[in-house]
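Fold and geometry: a report
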Amino acid sequence: MLLDVSTAYAAVMKSVRDLGTEKVPFMDAVGRILREPVAADRPFPPFNRVTMDGIAINFGESYAKGQTIFGVEDLQAAGMPGKQLSNMANCLEVMTGAVLPDLTDTVIPYEHLQASEHEGFRRFTITQPVIPQQNVHWEGTDVAAGQTLIVAGTRITAAEIGVLATVGRHQVSVGRLPKVAIISTGDELVPVAATPAPHQIRTSNMWTLAASLRELGIRADCHQVEDNQQAITELLQSLRHADVWICSGAVSAGKFDHLPQILEGLGMQRIFHKVEQRPGKPFLFGVMREGPVVFALPGNPVSGFMCYYRYVQPWILSAMGQEPPAPSYAVLGADILFDKPMTYFLPVQLQLQPSGLCKAIPHAYHGSGDLASLLKADAFMELPAEQNTFKEGDTFPIWKFK
């Protein structure tokens, strides 16, 4: 019995396992899933910070009373301990990023000043109107001490790295990367560096999947095996240490599609086999008893590629601690007819319109074996099974791979 896409996806996500956590140096955490909240160890900013090069004055005791000429007492540069204004009729020169000197509350930039000197004593005359407390970034206005900055489950990017450095988190707890084995089957396959005979093709699915996993920081263990039951069985037996098996090929109903039988013989509990979708109908999913989770993907390249982004990657991200990703949405850029009673995953190129809408443009697509069609695409648009005509301008979910 075929499952619909939403039921198949729910079954996949129901099987998610927590892979555990590990501590890593913060710069090794890029792309990983944070497994602990990160809080501010002190206020942001940690002091009243000057935001413009210029002078700092006490507004109420000087400018507010009509004073516009200020003598310079001292210089406050970034990185210096805070100084104090001793005479309210004077000023301190201040640099961007410096501590605002005590007893001052307003900064006037050099662009609004005219400098002069009399008997070796420097002065500044204010030439533009002044607003009290201008050009000061006040302590704690961004974040209070102890406030949570990054929640658990966040995928760490360069922005999070900057915050981790700021709060001194030189080590951080992240979700453990899964141990993934990719198994590609087929007598027709030869290595990438080989010259194929007319009846052969180079192995590509395995490396496409491995590259997709590499984007998550996962280096998969890759294996190619011929369509031989004993060879496949022996290889899988040697890979029981993995958390995840991603198999490519030998999963349909042909005479050499031995994989479903072999997997069940090794103790796999079959969750489902075949989904009401195109491409990717023969997709098999199961769980080995005391062993890896098994994603057995169709051998056609677009089928396996789509199944990875629609099912496998969400499972992996969730197992590492991230909330299951939700689809984005786009507007279909052309009329499409698909008269099969199944969900259609259409490769589309995404174009952001001046209106802000994201338009999904279909290109020439010759079926699930057309690997080159993915070069012009950014995502799969998920067109529902209950329709057979899809109009330009209608909105549907998309699953991005670029």
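1. Some words on the pairing of strand S20 (residues 284–288)
Among the 5 residues of S20, 5 are classified as buried, and the element is accordingly described as predominantly covered. Here S20 shows a buried face lined by Leu 284, Gly 286 and Met 288 and a second buried face lined by Phe 285 and Val 287. The pairing of S20 with strand S21 (residues 293–297) spans 4 bridges and is antiparallel. The residue bridging Val 287 from the neighbouring strand is Val 293, located in S21. Remark: 4 residues form the turn of the hairpin made by S20 and S21, two consecutive strands paired antiparallel; Glu 290 in that turn has positive phi of roughly 55°.

2. Description of the pattern of salt bridges
On inspection of all chains with the given rule, the structure shows 11 salt bridges. For Glu 36, the salt bridge goes to Arg 169, with nearest N and O atoms at 2.6 Å. With Glu 36 in the loop between strand S1 (21–25) and strand S2 (38–39) and Arg 169 in the loop between helix H2 (158–166) and strand S12 (171–175), the pair connects residues that are 133 residues apart, well separated along the chain. According to the relative accessible area criterion, Glu 36 is buried, its value standing at 16%. A salt bridge links Glu 382 to Arg 310; its shortest N-O distance comes to 3.0 Å. Note that Glu 382 is positioned in strand S26 (residues 379–383) and Arg 310 in helix H6 (residues 301–319), a separation of 72 residues in sequence. Note on Glu 382: relative accessible area 14%, which makes it buried. Look at the salt bridges and you will find they share partners, linking Lys 23, Glu 36 and Arg 169 into a network.

3. Section: the sheet that holds strand S5 (residues 69–76)
Taken together, 6 strands build an open sheet; the order of strands is S7-S4-S6-S5-S9-S8 and the sheet is mixed. Both edges of this open sheet fall to strand S7 (106–109) and strand S8 (113–118), since each of them pairs with a single strand only. Put simply, the sheet's adjacent strands are angled 40° from each other on average, direction ignored.

4. Thoughts on the packing of aromatic side chains
Within this structure, the stated rule accounts for 16 aromatic pairs. Ring plane angle 45° and centroid distance 5.9 Å describe the contact between Tyr 110 and Phe 124, whose orientation is recorded as tilted. One end of the pair, Tyr 110, is in the loop between S7 and S8; the other, Phe 124, is in strand S9 (residues 121–126), with 14 residues separating them in the sequence. Given a relative accessible area of 3%, Phe 124 falls into the buried group. In this structure, Arg 310 packs its charged tip against the face of Tyr 9, placed 4.7 Å from the ring centre. Positioned above the aromatic ring of Tyr 311, the side-chain terminus of Arg 310 is 5.7 Å from the ring centre.

5. Description of helix H4 (residues 229–237)
In an α-helix, one full turn covers 3.6 residues, which means residues spaced three or four apart are oriented alike. Taken as a whole, H4 has its buried residues at Ala 231, Ile 232, Leu 235 and Leu 236. The buried residues of H4 occupy an angular sector of 125° when the element is viewed end-on, so they sit on one face. Next to the buried residues of H4 lie strand S13 (180–185), strand S16 (221–225), strand S17 (244–248) and helix H5 (259–265). Of the residues that open H4, the one with a side-chain oxygen 3.0 Å from the backbone nitrogen of Gln 230 is Asn 228.

6. Concerning the sheet that holds strand S18 (residues 268–273)
Across the sheet, 6 strands lie side by side as S16-S13-S17-S21-S20-S18; this open sheet has mixed pairing. Only two strands of the sheet have a single neighbouring strand rather than two, namely S16 and S18. Ignoring strand direction, the axes of neighbouring strands in this sheet form an average angle of 20°. When S17 meets S21, the two strands line up parallel, connected through 5 bridges.

7. Here we look at unusual backbone geometry
Keep in mind that most residues, glycine aside, have a negative phi and that most peptide bonds are trans. In this model, Phe 44 is joined to Pro 45 through a cis peptide bond whose omega is -15°. Within the secondary structure, Pro 45 is located in the loop between S2 and strand S3 (49–50). That bond from Arg 278 to Pro 279 is cis: its omega, -5°, falls within 30 degrees of zero. By secondary structure assignment, the location of Pro 279 is in the loop between strand S19 (277–278) and S20. Non-glycine residue Gln 133 carries a positive phi angle of around 70°.

So, how was this worked out
Residues numbered from 1 in each chain as written. Predicted model: local features only at pLDDT ≥ 70, side-chain atom pairs only at ≥ 80, totals over all residues. Heavy atoms only, no water. Buried < 20%, exposed > 50% of the residue type's maximum accessible area, 1.4 Å probe, protein only. Helix = DSSP H or I, 4+ residues; strand = E, 2+ residues; numbered from the N terminus. Pairing = 2+ DSSP bridges. Salt bridge = Lys/Arg side-chain N within 4 Å of Asp/Glu carboxyl O. Axes fitted to C-alpha atoms, helices over the stretch in contact; angles between N-to-C directions. Phe/Tyr/Trp six-rings, centres within 6.5 Å; stacked < 30°, edge-to-face > 60°. Lys NZ or Arg CZ within 6 Å of the ring centre and 35° of its normal. Arc of directions from axis to C-beta. Contact = heavy atoms within 4.5 Å. Polar contact = N/O pair within 3.5 Å; in protein donor to acceptor, adjacent residues only side chain to side chain.

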